[in-house]
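Commentary on secondary and tertiary structure
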Amino acid sequence: MIRSRIAGIGMYVPSHVVTNQDLKKYMDTSDEWIQERTGIQERRYAHRTQETTTTMAVEAARVAIERAGTTPQDIDFIVFATLSPDYYFPGCGVLVQRAMKMKEIGALDVRNQCSGFLYALSVADQFIRTGTYKNILVIGSEKHSFGLDFSTRGRNVSVIFGDGAGAVVLQPTEDPGRGILSTHLHSDGESAEILAMYNPGTHANHWKEETYASFDDAEIGQMFFSHKMIDDGQVFPYMDGPAVFKKAVVKFPEVIMEALHANNLAPSDIRMLIPHQANLRISQFVQHQLRLSDDQVHNNIQKYGNTTAASVPIALCEAWEAGKIKEGDLVCLAAFGSGFTWASALLRW
Ligand code: UT7
């Protein structure tokens, strides 16, 4: 039976550290508030002009590819997860293909926000299991710092997010003791708008029908992105934090237990849980629910904030580099976020 295994992993975070204290220059907030509510002490921001979601992804990918003992020319498929792409279109996958001088391989972009990396991993896993591809590059990368409301109006969102990238190379294995055991994907679109960036977009929800009807096609064509949206601050992410929090603390344990049940395993079998780094309080709640020890969970939100699609591969890479994950260990990855979408993956390292 063919399974996929993580043959190489890499991460990249920009060198520019932004502390909670630094954010006080722009908005009414405090180190105490941020640490108490989220656990975050600092985050990284990409270089304004020289670093993009793609360039950070390439840095992480180079490390992952080298550690997998392969080369960019051997990669036969890319799956790229981000909510902060270099361009609205095309996606970042093709930009990685170009930057790394890869062959004319397929490049797929995944838009599942905080669960993006797990969705991407799951897609790649299917291609490996079916024997379609042998070296898949899976990336999660984000440059949030370019699209946040740094005024007090946006403080509940802006203080949380940071920039960075993580990447893995998936390869096939026939070793029954290794690889991705299963992945589990979910969504509930009922709450799509409570954690979202509405614009630019084609929804037109904010136009009353009668107003909308008075415009001709050319005028409508310019509403995709308008001065009004900028003036009203509608071009930044919106989040009803408490509502997200309430759902996250239910869905995280649920999807982790689903993965364990699917493999006849229990929380005590987990060597390392890598939760998406949304909020340290959420991770601690999940740890408590599953009765996991501190050694069984890796958190790094304190240093990097929430890097959305990049958070799981960054935390996984860091835990592995620190020697917290060894061959044969059972590792659980889990994420919850905008959509809502949530997911888990269980793997033997
Ligand atoms: O990864 C994507 C998924 N996202 C999440 O999982 C996020 C889940 N939610 C959360 O992590 C929390 O809801 C937040 C950290 C975002 C917010 O914490 P909270 O304890 O839910 O605070 P709140 O939004 O209920 O706001 C409480 C107060 C409000 O003031 P009033 O109305 O009580 O006077 C906010 O205006 O805190 C205020 N506030 C802030 N104060 C200082 C909101 N943001 C800030 C801030 N600094 N940065």
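Quick caveat: nothing in here was measured; it's all calculated off a predicted structure.

Comments concerning the domain arrangement of the protein chain
- Each assigned domain of the protein chain is listed with its residue range as follows: domain 1 (3-173), domain 2 (179-192 + 238-348) and domain 3 (202-231).
- Of note, the centres of domain 2 and domain 3, computed from C-alpha atoms alone, are 39 Å apart.

Comments concerning the site of the ligand
- Neighbouring the ligand are 21 residues; Thr29, Arg37, Cys114, Asn279 and Asn306 lie closest to it.
- In the model, an oxygen atom of the ligand is placed 3.1 Å from a nitrogen or oxygen of the Trp33 side chain.
- Within the side chain of Asn279, a nitrogen or oxygen atom sits 2.6 Å from an oxygen atom of the ligand.
- When the free accessible area of the ligand is taken as 950 Å², the share hidden by the protein chains comes to 71%.
- Contributions of two or more residues to the shell around the ligand are made by helix 2 (31-38), helix 6 (155-158) and helix 10 (241-262).

Description of the packing of aromatic side chains
- Inspection of every chain in the model, using the stated rule, returns 9 aromatic pairs.
- Both rings, one in Tyr45 and one in Phe150, keep their centres 6.0 Å apart while their planes meet at 80 degrees; by these two values the pair is edge-to-face. With a gap of 105 residues between them, Tyr45 in strand 3 (residues 42-45) and Phe150 in the loop between strand 6 (136-142) and helix 6 connect regions that are remote in the sequence.
- The class of Tyr45 is buried, set by a relative accessible area of 3%.
- Every member of this aromatic cluster is reached through a ring pair, and the members are Tyr26, Tyr45 and Phe150.
- The ring of Phe146 is capped by Lys143, whose NZ or CZ atom sits 4.0 Å from the centre of that ring.

Topic: a nonpolar patch on the surface
- A cluster of nonpolar side chains, Tyr88, Phe89, Phe224, Phe225 and Ile230, forms an exposed patch at the surface whose accessible area comes to about 570 Å².
- Here Phe225 lies in the loop between helix 8 (217-221) and helix 9 (227-231).
- For Phe225, a relative accessible area of 46% gives the class partly exposed.

Comments concerning the environment of Lys103
- Positionally, Lys103 belongs in the loop between helix 4 (92-99) and strand 5 (106-110).
- Residues Lys103 and Leu121, spaced 18 residues apart in sequence, show a C-alpha to C-alpha distance of 21 Å.
- When residues no more than four places from it in sequence are discounted, the contact partners of Lys103 are Gln73 and Gln97.

Overview of the packing of helix 10 against helix 11 (residues 280-289)
- At a minimum axis distance of 10 Å, the contact between helix 10 and helix 11 shows a crossing angle of 40 degrees. One finds that helix 10 runs oblique with respect to helix 11. In terms of crossing hand, the pair formed by helix 10 and helix 11 is right-handed. Along the contact surface, helix 10 presents Phe245, Ala248, Val249, Phe252, Pro253 and Ile256, while helix 11 presents Arg281, Ile282, Phe285, Val286 and Gln289.
- When its residues are assigned to classes, the contact of helix 10 with helix 11 shows 9 nonpolar, 1 polar and 1 charged.

Some words on the side chain of Lys251
- By the secondary structure assignment, Lys251 is in helix 10.
- A residue is classified by how much of its surface remains accessible, and Lys251, at 14% relative accessible area, is buried.
- There is a polar contact of 2.9 Å between the side chain of Lys251 and the side chain of Glu254.
- In contact with Lys251, not counting residues within four places along its chain, are Phe336 and Trp342.

Section: the packing of helix 3 (residues 53-67) against helix 4
- Here helix 3 crosses helix 4 at 55 degrees, and the two axes come no closer than 10 Å. Classed by the angle they form, the pair helix 3 and helix 4 counts as oblique. The two elements helix 3 and helix 4 meet at a crossing, and its hand is right-handed. Where helix 3 abuts helix 4, its residues Thr53, Thr54, Ala57, Val58 and Arg62 lie against Cys92, Leu95, Val96 and Ala99.

About the cut-offs
Residues numbered from 1 in each chain as written. Predicted model: local features only at pLDDT ≥ 70, side-chain atom pairs only at ≥ 80, totals over all residues. Heavy atoms only, no water. Domains from an automatic or database assignment. Near = heavy atom within 4 Å. Polar contact = N/O pair within 3.5 Å; in protein donor to acceptor, adjacent residues only side chain to side chain. Areas by Shrake-Rupley, 256 points an atom, 1.4 Å probe, with all protein chains shown as cover. Helix = DSSP H or I, 4+ residues; strand = E, 2+ residues; numbered from the N terminus. Phe/Tyr/Trp six-rings, centres within 6.5 Å; stacked < 30°, edge-to-face > 60°. Buried < 20%, exposed > 50% of the residue type's maximum accessible area, 1.4 Å probe, protein only. Lys NZ or Arg CZ within 6 Å of the ring centre and 35° of its normal. Patch = residues over 30% accessible without salt bridge, like charges linked within 9 Å, V, L, I, M, F, W, Y side chains within 5 Å. Salt bridge = Lys/Arg side-chain N within 4 Å of Asp/Glu carboxyl O. Contact = heavy atoms within 4.5 Å. Axes fitted to C-alpha atoms, helices over the stretch in contact; angles between N-to-C directions. Parallel < 35°, antiparallel > 145°, perpendicular 65-115°, else oblique. Left-handed = near helix turned anticlockwise from the far one by under 90°. Nonpolar A, V, L, I, M, F, W, Y, C, P; charged D, E, K, R; others polar.

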